Amino acid sequence: MVDLSYDDALPLHPVTDVLGERDGVVVARCSFDNAEGDRVEGYLVFPSGALLGGDELAGVIYQHSTGGKEGFLPEAIQFAEAGGIALSLPIADTGDAVRNIRESIFAIRRGADLLTSYGVQRLGCVGHSMGAMMAGTVSGIDRRFRCFVFDSGLSGMSIHFRETPYKEIKAMRDSMTPEQYEPLLALMEPYDCGHFVGAAAPAALLFQSAWFDQNVSRENCEAFFAAGSEPKEFHWYDTGHVINEVAAYSDRARFLAQWLELPGLPDRLRART
């Protein structure tokens, strides 16, 4: 299996820049050292006074590939309104597909290092698209997480690069000969989350897929779910690749509230809709 270990004594050197506080919730820009590559930049969202320590807290790491670090920011704010700490991250974008995978996986795990340093004891992860695949790989190797949500995911980036009609990846695929492209897929394949989600237990898994997703086939969505360990659940939504149906937000809030013991989270969602 591919080596995704790192020295957990590595310093994070976190830097936060508070953007504002509203209704008892602080939103800050945040950066910290990754295990490999450039620093990770995202948003850290928390209740006023939460970083002072003392309480056992719930935390969640969000990683959105389509919307970047802003993609899950509204949900991160709702999570903090319910009393938790949230970290909203992008995927890595280095120009190198394998490096992107490694740095994105490490970003989630280093984000867990950051949140646990603030006293988080009950930890979850939510990923969209590539972020879902990165979260899927993390699910099989990092036992700090109680639950994972996979939004618009499939069993791995090598499968996605081989099959997706997404224009940027298709253009790359069409520009290369099989002799050039197949070695790239072979480098990506060991990181495919389908190798890891079967070992996620005891963490709970929520799979969310879209009926009209033009980038991920229904067969790939179903294969991803089938590979996951129990306990798990699977829901379909009447959207495209960016699942923006209210029911999807509600299902995520219910799931996170259950597994992270944050009962006020669904109420915060209802207050916003």
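Structural data are supplied above this passage.
Peer 1: How should I be thinking about the pattern of salt bridges in this particular structure?
Peer 2: Working definition: two side chains of opposite charge can pair if their charged atoms are close together. The full count for this structure, using the stated rule, is 15 salt bridges. Here E36 and R102 are joined by a salt bridge, their closest N and O atoms 2.6 Å apart. Here the residue E36 occupies a position in the loop between strand 2 (25–32) and strand 3 (40–47), and R102 occupies one in helix 2 (residues 97–117), the gap between them amounting to 66 residues. Of the residues examined, E36 reaches a relative accessible area of 31% and is grouped as partly exposed. A salt bridge links D142 to R109; its shortest N-O distance comes to 3.0 Å.

Peer 1: It is not clear to me how the environment of L262 should be interpreted in this structure. Could you clarify?
Peer 2: Inspection of the secondary structure puts L262 in the loop between helix 8 (246–260) and helix 9 (265–272). Its relative accessible area of 6% is what places L262 among the buried residues. Once the C-alpha coordinates of L262 and E21 are considered, the two residues, 241 residues apart in sequence, prove to be 21 Å apart. Ignoring anything within four residues of it in the chain, the contact list for L262 reads A58, F79, A82, G83, G84 and A257.

Peer 1: Help me out: how do you make sense of helix 1 (residues 73–81) in this one?
Peer 2: Residue pairs spaced three or four apart in an α-helix point in one direction, given the helix's 3.6 residues per turn. Taken across its nine residues, helix 1 has eight buried, putting it largely inside the fold. Along helix 1, the positions that sit buried rather than exposed are L73, E75, A76, I77, Q78, F79, A80 and E81. Downstream of helix 1 by a residue or two, G83 has a phi angle that is positive, lying close to 110°.

Peer 1: Explanation requested: the packing of aromatic side chains in the structure shown.
Peer 2: Think of a pair of aromatic rings as described by two things: how far the centres are apart, and how the planes are tilted against each other in angle. Scanning the model with the defined rule gives 13 aromatic pairs in all. Between F234 and W236, the ring centres sit 5.2 Å apart and the planes meet at 40°, which makes this aromatic pair tilted. Each member of the aromatic cluster is reached from another via a ring pair, and the members are F145, F148, F150, F207, W211, F224, F225, F234 and W236.

Peer 1: Is there a simple way to explain the sheet that holds strand 4 (residues 57–64) in this structure?
Peer 2: Strands pair in a sheet through their backbones, by hydrogen bonds, and they do so in one of two ways: parallel or antiparallel. With respect to topology, nine strands assemble into an open sheet ordered 1-2-3-5-4-6-7-8-9, the strand pairing being mixed. The open sheet has two edge strands with one neighbour each: strand 1 (15–22) and strand 9 (232–237). Across the sheet, the axes of successive neighbouring strands diverge by a mean angle of 15°, strand direction being ignored. Relative to strand 9, strand 8 (residues 204–210) runs parallel, the two sharing six bridges. Looking at the pairing, A210 lines up with Y237 of strand 9. Packed on one face of the sheet, helix 3 (residues 130–139) meets strand 4, strand 6 (120–128) and strand 7 (145–151) and runs near 150° to strand 7.

Peer 1: Help me out: how do you make sense of the nonpolar core in this one?
Peer 2: Soluble globular proteins tend to pack their nonpolar side chains together in the buried interior. Membership of the largest hydrophobic core comes to 55 residues, with the highest contact counts inside it found for L87, F145, F148, F150 and M188. Ranked by the residues each element gives to this core, the list is headed by helix 2, at ten residues. Ignoring any residue separated from it by four or fewer positions in sequence, one finds L87 in contact with C30, F32, Y43, L44, V60, I61, Y62, G111, L114 and L115. In terms of nonpolar packing, the next biggest core, distinct from the first, is built from 27 residues, F79, A253, L260 and L265 among them.

Peer 1: Looking at this structure, how should I read the packing of helix 5 (residues 167–175) against helix 6 (residues 178–188)?
Peer 2: Helix packing geometry: the angle between the two helix axes and the distance between the axes. Packing of helix 5 against helix 6 leaves a shortest axis separation of 8 Å and a crossing angle of 130°. Overall, the two elements helix 5 and helix 6 adopt an arrangement that is oblique. Touching I169, M172, R173 and S175 of helix 5 are Q180, Y181 and L184, all from helix 6. Considering only residue class, the contact of helix 5 with helix 6 consists of four nonpolar, two polar and one charged.

Peer 1: Quick question: what am I supposed to make of unusual backbone geometry here?
Peer 2: Cis rather than trans, the peptide bond between A201 and P202 has omega equal to 15°. Tracing the sequence through the fold places P202 in the loop between helix 6 and strand 8. We note that S129 has phi near 55°; this positive angle belongs to a residue other than glycine. Taking relative accessible area as the criterion, S129 reaches 8% and is therefore assigned buried. A positive phi angle, close to 55°, is found at E261, a residue other than glycine.

Conventions we followed
- Residues numbered from 1 in each chain as written.
- Predicted model: local features only at pLDDT ≥ 70, side-chain atom pairs only at ≥ 80, totals over all residues.
- Heavy atoms only, no water.
- Salt bridge = Lys/Arg side-chain N within 4 Å of Asp/Glu carboxyl O.
- Helix = DSSP H or I, 4+ residues; strand = E, 2+ residues; numbered from the N terminus.
- Buried < 20%, exposed > 50% of the residue type's maximum accessible area, 1.4 Å probe, protein only.
- Contact = heavy atoms within 4.5 Å.
- Phe/Tyr/Trp six-rings, centres within 6.5 Å; stacked < 30°, edge-to-face > 60°.
- Pairing = 2+ DSSP bridges.
- Axes fitted to C-alpha atoms, helices over the stretch in contact; angles between N-to-C directions.
- Core = buried A, V, L, I, M, F, W, Y, C linked by side-chain atoms within 4.5 Å.
- Parallel < 35°, antiparallel > 145°, perpendicular 65-115°, else oblique.
- Nonpolar A, V, L, I, M, F, W, Y, C, P; charged D, E, K, R; others polar.

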